[in-house]
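Working through the structure, step by step
The chain contents come next:
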Amino acid sequence: MVNALTTNAPSGGIEFHNVQISDPKDFEVKLKPLYTGICGTDRGEVHGNLSFAYNHPGYNFLVLGHEAVCQVIDAQENEYGIKTGDYVVPVVRRPGECVNCRIGREDNCSDGKKNEAGITGLHGFMRDYFFDMPENLVKVNDRSMVREAVLTEPAKNVMKAFEVFDTVSRRSIFQNKDSTFIGKNCLIIGSGSEAFLYSMMANEYRFNVYMTNRHSLEESKLSILEKTGSIFFDYTSGIPLKGIDLLIDTSGDPATIFRFVRTMNNNGVAILFGTKGNAPGTQVNGEDIDYIIERNISMVGSVDGSKKHYLDALRYIEKWNHAHNSVIGDLITGTYSPENTEIFLKKPEGEIKSIIKW
Ligand code: NAP
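First things first, this report covers the structure right here in the doc. (Residues numbered from 1 in each chain as written. Predicted model: local features only at pLDDT ≥ 70, side-chain atom pairs only at ≥ 80, totals over all residues. Heavy atoms only, no water.)

1. Points about the overall build of the protein
Under the convention used in this document: Only runs of H or I of at least four residues qualify as helices and only runs of E of at least two qualify as strands under DSSP, and these elements are numbered from the N terminus. Here the globule rule is a power law, 2.2 Å times the number of residues to the power 0.38, and the radius of gyration is based on C-alpha atoms. Per-residue accessibility, obtained with a 1.4 Å probe over protein chains only, is compared with the maximum for each type, and a residue is labelled buried under 20%, exposed over 50%, and partly exposed between these values.
Each helix and strand counted, the protein has 10 helices and 19 strands in total. The C-alpha atoms of the protein give 20 Å as radius of gyration, which agrees with the globular expectation for 358 residues (21 Å, within 12%). C-alpha extents for the protein along the principal axes are approximately 60 × 45 × 40 Å. Taken across its 358 residues, the protein has 55% of its residues classed as buried.

2. Remarks on the packing of aromatic side chains
Note the following rule: Classification of ring pairs rests on two measures: the distance between centres of Phe, Tyr or Trp rings, Trp counted by its six-membered ring, which must be within 6.5 Å, and the angle between planes, read as stacked under 30 degrees, edge-to-face over 60 and tilted in between.
Evaluated as defined, the whole model comprises 20 aromatic pairs. Residues Phe-162 and Tyr-205 carry aromatic rings whose centres are separated by 4.8 Å and whose planes lie at 35° to one another, so their mutual orientation is tilted. In this pair, Phe-162 is assigned in helix 3 (residues 152–168) and Tyr-205 in the loop between helix 4 (193–204) and strand 13 (208–213), connecting sequence segments 43 residues apart. The structure contains a cluster of three or more aromatic residues connected by ring pairs, namely Phe-162, Phe-165, Phe-174, Phe-181, Tyr-198, Tyr-205, Phe-207 and Phe-273.

3. So, the sheet that holds strand 4 (residues 62–63)
Selection criterion: By this definition, two strands are paired if DSSP reports at least two bridges between them.
Strands sit in the order 2-1-4 across an open sheet of 3 strands; the sheet is antiparallel. This sheet does not close on itself; its edge strands, each paired only once, are strand 2 (12–19) and strand 4. Relative to strand 4, strand 1 (residues 2–8) is paired through 2 bridges, and the arrangement is antiparallel. Paired with Thr-6 across the strands is Val-63, a residue of strand 4.

4. Topic: a nonpolar patch on the surface
In plain terms, the rule: Surface patches are defined over residues having more than 30% relative accessible area and no salt bridge, joining like charges when they lie within 9 Å and nonpolar side chains (Val, Leu, Ile, Met, Phe, Trp, Tyr) when within 5 Å. Residue-level accessible areas treat just the shown protein chains as cover; the underlying method is Shrake-Rupley with a 1.4 Å probe. Every case where a carboxyl oxygen of Asp or Glu lies within 4 Å of a side-chain nitrogen of Lys or Arg is listed as a salt bridge.
A grouping of Val-284, Ile-289 and Ile-293 is seen on the molecular surface, where their side chains present a nonpolar patch of about 250 Å² in accessible area. Turning to its location among the elements, Ile-293 is positioned in helix 7 (residues 286–294). For Ile-293, a relative accessible area of 54% translates into the label exposed.

5. A look at the pairing of strand 19 (residues 353–357)
Taking burial as the measure, the 5 residues of strand 19 include 4 buried ones, the bulk of the element. Bridge count between strand 3 (residues 29–38) and strand 19: 4 bridges; the pairing is antiparallel. Each residue of the ladder has a partner; that of Thr-36, found in strand 19, is Ile-356. With 4 bridges joining them, strand 18 (residues 332–336) and strand 19 adopt parallel strand pairing. Within the sheet, the bridge partner assigned to Ile-332 lies in strand 19 and is Lys-353.

6. Quick notes on helix 4
Because an α-helix packs 3.6 residues into every turn, residues spaced three or four apart end up facing the same way. What counts here: A helix is expected to reach a length of 1.5 Å times the quantity of its residues less one.
If you check helix 4, its first and last C-alpha atoms are 17 Å apart, about what 12 residues at 1.5 Å a residue would give, namely 16 Å. One or two residues past the end of helix 4 sits Arg-206, with phi positive at roughly 70°.

7. Thoughts on the sheet that holds strand 16 (residues 264–272)
The following threshold applies: Axis lines are fitted to C-alpha atoms, over the contacting stretch for helices. Their N-to-C directions set the angle, which ranges from 0 to 180 degrees. A contact between two residues is defined here by any heavy atoms of the two lying within 4.5 Å.
Reading across the sheet, the 6 strands line up as 14-13-12-15-16-17 and stay open at both edges, with parallel pairing between neighbours. Because the sheet does not close on itself, it has two edges, and the strands there are strand 14 (231–234) and strand 17 (298–301). When strand polarity is set aside, the average angle formed by the axes of neighbouring strands in this sheet is 20°. Bridge count between strand 15 (residues 244–249) and strand 16: 5 bridges; the pairing is parallel. Looking at the pairing, Ile-248 lines up with Ile-271 of strand 16. Sheet strands touched by helix 4: strand 12 (185–189), strand 13 and strand 15. Its angle to strand 13, the strand with the most contacts, is close to 165°.

This is how it looks when you write it as structure tokens:
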């Protein structure tokens, strides 16, 4: 028996209770979650809005949680160097049989037959302990940032999206003639945790970084952006930039996306990342299509990331933990106990990232 936060996927609900989950006969690593992060996907599952989520086979529930940092409490000898006492981040996606899954790129799964812990057919990490294989674990070497390492999973999405940008932007010359991106504009739609992580990475590329939403932002959030050199604007009061080179959407709102696509520069790249299945549609007219074609604009989706992106994410979190006055820790705006299930039902005021301490 183990204490766990569960839902019944895809219909929803949330419970913190003692459940029976059979331990694997041959385990390699036993893990104790220390912190788990809550994101829009968890809330979508709890509200029954994630039609593609499903329970772990053989159970009438699904343990929630795909963002975690854990301590290894027991490990058999293994070729990945994972040892008892290590701090690790477990990866979310588990490969199927397709060609991309077989080369470690389950983030680019070709047939959709992968599993995702806490989302699609595999129990997640919001429980007292669980077992896993060492190949699914990414070691956190800097022990001073165990709490911050819970941001590795959301940050790995950002690493993958910038890999997508690197690939797609090569279809023509995107950078300046001095080979940099200095002076080019990156606009990020939305102001949640992923948007903040995107703004930090866009700063690494030396873009002029803007973030926008349909309302103003709390002082606490503005001061984080100020530390990293990004600018926020409420787009309902006007748009203070001319020409977007890289557009990153975390809102999933079609009308807002197309509003900004029509302000993109030639050879611009738009990365669609946010999802909002229940968002109302929008009218895309012939002029929108012509605008995209005439300017060689690339619109591309990006989902998840591979183990390589977890490693990249940890490297940047470590860097950001020591730079900009430890700004990375500021992204964690609340720490809660697992009993506090309310946190899944309503976003707390001023939230960037809420986490659960186990
Ligand atoms: P989040 O905290 O819910 O962020 C979404 C942001 O979009 C919020 O700041 C929200 O503003 C804003 N927004 C919503 N409608 C908007 C509009 N019309 N105009 C401007 N901004 C708008 O979620 P998150 O954890 O940062 O994740 C961002 C999105 O990515 C979510 O949709 C999530 O499901 C998705 N996601 C995708 C992947 C992937 O691999 N592609 C992975 C993880 C998450 P308010 O706070 O005011 O509502």
